[in-house]
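# Chains, contacts and geometry: an overview
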Amino acid sequence: MSAGATAVTSEYAVEILGVHKTFGSLEVLRGIDLQVRRGEVTVILGPSGSGKSTLLRAINHLERVDTGLIKVDGELIGYRQKGNRLHELSEREVLHQRSSIGFVFQNFNLFPHLTVLQNVVEAPVSAQKRNRAEVETEARALLERVGVADKADAYPRQLSGGQQQRVAIARALALRPKVILFDEPTSALDPELVGEVLAVIKQLAHHGTTLIVVTHEIGFAREVADTVVFMDAGVIVEQGPPQQVLDAPQHERTRTFISRVL
Amino acid sequence: MSRTIPAPQSAAPASPSPGLAPSGPPGAAVEPEHLVVVRSRHPWRWVAAVAVAIVVAQFIHGLVTNPGWDWGTFAQYFTAASVLKALWMTVQLTVYGTVLGFALGIGLAAARLSKNPVLQVVSWTYIWAFRSIPLIVQLLFWFNIAYLYKTLSIGVPFGPAFVEFDVNDVISGMMAAVIGLALHQAAYSAEIIRAGIISVDAGQLEAAAALGIPKRRQFFKIVMPQAMRAILPNAANEVISLFKGTSIVSTMAIAELFYQVQVIYGRSGRVVPLLMVATVWYIVLTTLLSIGQYYIERHYARGSARSLPLTPWQKARTRIRTFLDTATTGRTPTRAGDAR
């Protein structure tokens, strides 16, 4: 698949270089550079409107960026480079790229008319053309792993929010993704359900899956993150290991934000 | 149960003979679980029910006894070969109109929702035009199409033709009717389908896109099944109104149901019983369509509620079963249900 960026498998799972994005007259991303190593957990913090979700959505090309490059596993996302020109990929090629990037939404976005198992099996079969029986076996194992194996034949609306989000995580995992992106995965949950979802994400982190998590859960960031990124007003204000960014922030804005959240 | 019956009677009379009433001060002496609930009464419900029942009975009495209805003639023609043949024509017009109309409607809805401005404008204009022209006017245009175009040819646009047909040979009266009904239906079904598609939560498409599901499959496997919930009730309305609307074709001397009964009563002069023949057939088929609608809607309701309600048939079976249980075991329905 990777046509331009040949075989130079990068040491980074995700590379973001000079990304800008404007909605109308509002510049939501103003020059973002970020590298995420393989197997690491990156947590993005920041006030609402700081551009964290837009950045996350740009990584799997749900948002098209105005300038800059995004690479996943060394492969340019959304474009093909020929000399100094970027040729937009066809929709089919973009969909193919997305099928190796997991995405977990704030509102779960499970397909309500399909059972839990069908939700998990759908994309590996239709997008990755894998064998259905094989995928089903794997899907059941994944549901077991996120603790909802007994709900395989239920419909999403018969599940609690926490269970739905865990199914959504299994659905993302079924694609065997190179990286999983979480867009505020616990923000739509009742407080007592947050823990069960965070536990699943932690377990993924320990297994060495590359994760990028946009969240407001500072405690989770402190415990799980390899790198914490603090964004404000479309720029990365600072980044580093959690004890540095959370406990000894260099910038005034970071300090104010953390004191307000804690 | 029987021991509790005297209680409401003793409670009812207020105080004509206080000495006879066994009750002491309210709430005293009786254990809470032995207190008897007296249901409130609704006398006006009974009055309303009786009044309506009388009107209904009178109407039915009229249907049976008024010789004007002429049920003998009705029975004679209801299943007459000519009527059944005309009914079949009506069904065919409905099926062709529905299938072609909705097929074109899906295309128009997709065009209207596409990002291509030319397709959007053409689709909008089509819908605008065909909703503006009365069906009967449009049908008469198609009936007289040979006046505008004498031949029909397939070939290079604006260039030479490969095959040529005489329009009057190709477009029969039936064909003209089907084309008219389908084109008319397409405009309405396009809007119904579009309404269904835009009613699906944007997050669904986003999730499908994020998972990399191919575009066609996103539409047919993710969007359409969810859109169907909004589409079906309106679509069923359209099919039923098309089914009855086929009677308009009678003005073009096509032998559908309504035309046929007109022909018969034109000969025999028995207008009312023959109108009843058509009416009852329309009612019967509409009923069948409504039953079909119920089950199709149920099919697409999967996952929308925590559990689907029972169908009328399932309800009836449960009721009969509990009734039989009560009859055989002599126990109350709920207990009998548990005992099985």
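Residues numbered from 1 in each chain as written. Chains lettered and ligands numbered in written order. Predicted model: local features only at pLDDT ≥ 70, side-chain atom pairs only at ≥ 80, totals over all residues. Heavy atoms only, no water.

An unreviewed UniProt entry lists chain B under the name Amino acid ABC transporter permease, with Nakamurella leprariae as the source organism. UniProt's Subcellular location (unreviewed entry) comment on chain B is quoted here verbatim: "Cell membrane". (UniProt positions renumbered as here; feature names shortened; annotations may be inferred.)

By the naming in an unreviewed UniProt entry, chain A goes by ABC-type polar-amino-acid transporter and is assigned to Nakamurella leprariae. Here chain A is described in UniProt, under the heading Catalytic activity (unreviewed entry), as follows: "a polar amino acid(out) + ATP + H2O = a polar amino acid(in) + ADP + phosphate + H(+)". The UniProt entry for chain A carries the following comment under Subcellular location (unreviewed entry): "Cell membrane".

### A look at a nonpolar patch on the surface
Residue and element names in this part refer to chain B. A cluster of nonpolar side chains, namely Ile133, Val137, Phe141, Tyr147, Leu148 and Tyr149, defines an oily patch on the protein surface of about 670 Å² accessible area. Contributions of two or more residues to the nonpolar patch are made by helix 6 (135–143) and helix 7 (145–148). Structurally, Tyr147 can be placed in helix 7. Given the relative accessible area of 69%, Tyr147 is considered exposed. (Patch = residues over 30% accessible without salt bridge, like charges linked within 9 Å, V, L, I, M, F, W, Y side chains within 5 Å. Areas by Shrake-Rupley, 256 points an atom, 1.4 Å probe, with all protein chains shown as cover. Salt bridge = Lys/Arg side-chain N within 4 Å of Asp/Glu carboxyl O. Helix = DSSP H or I, 4+ residues; strand = E, 2+ residues; numbered from the N terminus. Buried < 20%, exposed > 50% of the residue type's maximum accessible area, 1.4 Å probe, protein only.)

### Some words on the layout of surface pockets
In this model, the largest pocket occupies a volume close to 1100 Å³. A:Glu91, B:Lys115, B:Leu205, B:Lys215 and B:Gln218 are, among the 30 residues lining the largest pocket, the residues nearest its centre. Counting residues per element, the ones that place at least two in the lining of the largest pocket are helix 2 (91–98) of chain A together with helix 4 (81–113), helix 9 (173–198), helix 10 (202–210) and helix 11 (215–245) of chain B. Looking at which element gives the most residues to the lining of the largest pocket, the answer is helix 11 of chain B, with six residues. Grouping the constituent residues of the lining of the largest pocket by class yields 15 nonpolar, four polar and 11 charged. (1 Å grid on protein atoms, 1.4 Å probe; cavity = no way out; pocket = protein on both sides within 12 Å on 5 of 7 lines; lining within 4 Å. Points joined across faces, edges and corners; volume = space filled by probe spheres on them. Nonpolar A, V, L, I, M, F, W, Y, C, P; charged D, E, K, R; others polar.)

### Quick look at the packing of aromatic side chains
Summed over the entire model, instances satisfying the criterion amount to 11 aromatic pairs over all chains. Both rings, one in A:Phe103 and one in A:Phe105, keep their centres 4.8 Å apart while their planes meet at 45°; by these two values the pair is tilted. Aromatic pair B:Tyr126 and B:Phe130: ring centres 4.3 Å apart, planes at 20°, arrangement stacked. With B:Tyr126 and B:Phe130 both in helix 5 (residues 117–132), this residue pair falls four residues apart, about one helical turn. By way of ring pairs, the aromatic residues B:Trp69, B:Trp71, B:Phe74, B:Phe78 and B:Trp281 are connected into one cluster. Here A:Arg171 stacks its cationic end above the ring of A:Phe111, 4.8 Å away from the centre of that ring. (Phe/Tyr/Trp six-rings, centres within 6.5 Å; stacked < 30°, edge-to-face > 60°. Lys NZ or Arg CZ within 6 Å of the ring centre and 35° of its normal.)

### A short note on the interface of chain A and chain B
Across the contact, 28 residues belong to chain A and 24 residues belong to chain B. Carbon and sulfur atoms make up 57% of the surface buried where chain A meets chain B, a total of about 2200 Å² over both sides. Where chain A packs against chain B, one counts three salt bridges. B:Glu206 is the partner of A:Arg57 in a salt bridge, and the nearest nitrogen-oxygen pair spans 2.6 Å. At the junction of chain A and chain B, the tally comes to seven residue pairs in polar contact (both at pLDDT 80 or more). Listed by contribution, the elements that provide at least two residues to the side of chain A that touches chain B are helix 2, strand 8 (101–104) and helix 3 (116–126) of chain A. (Contact = heavy atoms within 4.5 Å. Buried area = accessible area lost by both parts, 1.4 Å probe. Polar contact = N/O pair within 3.5 Å; in protein donor to acceptor, adjacent residues only side chain to side chain.)

### Concerning the packing of helix 9 of chain B against helix 11 of chain B
Residue and element names in this part refer to chain B. At a minimum axis separation of 8 Å, helix 9 and helix 11 run at an interaxial angle of 135°. On the basis of their axis angle, the class for helix 9 and helix 11 is oblique. Crossing angle aside, the handedness with which helix 9 passes helix 11 is right-handed. Residue-level contacts link Leu181, Gln185, Tyr188, Ile192, Ile193, Gly196 and Ile197 of helix 9 to Phe219, Val223, Met224, Ala227, Ala230, Ile231, Asn234, Ala235, Glu238 and Leu242 of helix 11. Split by residue class, the contact of helix 9 with helix 11 holds 13 nonpolar, three polar and one charged. (Axes fitted to C-alpha atoms, helices over the stretch in contact; angles between N-to-C directions. Parallel < 35°, antiparallel > 145°, perpendicular 65-115°, else oblique. Left-handed = near helix turned anticlockwise from the far one by under 90°.)

### A few points about the UniProt feature "domain: ABC transporter" (unreviewed entry) in chain A
Following the UniProt record, the feature "domain: ABC transporter" (unreviewed entry) maps to residues 14–258 of chain A here. In residues 14–258 of chain A, the share of helix is 37% and the share of strand is 28%. The end C-alpha atoms are 26 Å apart.

### Focus on the packing of helix 3 of chain A against helix 4 (residues 132–145) of chain A
All names here are of chain A. Across the interface, helix 3 lies against helix 4 with an axial gap of 9 Å and an inter-helix angle of 130°. Considered as vectors, helix 3 and helix 4 are oriented oblique to each other. Helix-helix and strand crossings are classified by hand; for helix 3 and helix 4 the assignment is right-handed. Only Arg132, Val135, Glu136, Ala139, Arg140 and Leu143 of helix 4 make contact with helix 3, whose side of the interface consists of Val116, Leu117, Val120, Val121, Pro124 and Val125. Here the contact of helix 3 with helix 4 is composed, by residue class, of nine nonpolar, no polar and three charged.

### Focus on the pairing of strand 11 (residues 227–232) of chain A
All names here are of chain A. Burial analysis of strand 11 places six of its six residues in the buried class, which makes it a mostly covered element. Side chains Thr227, Val229 and Met231 of strand 11 all project onto a buried face; the interleaved residues Val228, Phe230 and Asp232 project onto the opposite face, where all are buried too. By the bridge criterion, four bridges tie strand 3 (residues 41–45) to strand 11 in an arrangement that is parallel. By the bridge assignment, Thr42 is partnered in strand 11 with Thr227. The pairing of strand 11 with strand 12 (residues 235–240) spans five bridges and is classified as antiparallel. Residue pairing for strand 12: Val228 is matched across the bridge by Gly240. Turn length for the strand 11-strand 12 hairpin, with the two strands adjacent in sequence and antiparallel, is two residues, and the turn residue Ala233 shows positive phi of about 50°. (Pairing = 2+ DSSP bridges.)

### Digging into the UniProt feature "domain: ABC transmembrane type-1" (unreviewed entry) in chain B
Following the UniProt record, the feature "domain: ABC transmembrane type-1" (unreviewed entry) maps to residues 87–293 of chain B here. As annotated, residues 87–293 of chain B comprises 78% helix and 5% strand, and the C-alpha atoms at either end are separated by 21 Å.

### Considerations on the side chain of B:Thr73
Residue and element names in this part refer to chain B. Note on placement: Thr73 falls in helix 3 (residues 71–78). A relative accessible area of 6% means that Thr73 is categorised as buried. In this structure the side chain of Thr73 is engaged in a polar contact, spanning 2.5 Å, whose partner is the side chain of Asp70. If we skip the residues at most four places from it in the chain, Thr73 touches Arg270 and Pro273.

### Quick word on the sheet that holds strand 4 (residues 67–72) of chain A
All names here are of chain A. One open sheet holds the four strands; their spatial order is 2-1-4-5, and the pairing between them is antiparallel. Taken across any chain shown, the strands that pair with only one partner, and hence form the sheet edges, are strand 2 (26–37) and strand 5 (75–76). As paired elements, strand 1 (residues 12–23) and strand 4 share five bridges and run antiparallel to each other. The residue bridging Glu15 from the neighbouring strand is Lys71, located in strand 4.

### Remarks on the pairing of strand 8 of chain A
Residue and element names in this part refer to chain A. Both faces of strand 8 are covered, namely the face carrying Ile101 and Phe103 and the face carrying Gly102 and Val104. The pairing of strand 8 with strand 9 (residues 179–183) spans four bridges and is parallel. For Ile101, the partnering residue across the bridge sits in strand 9 and is Val179.

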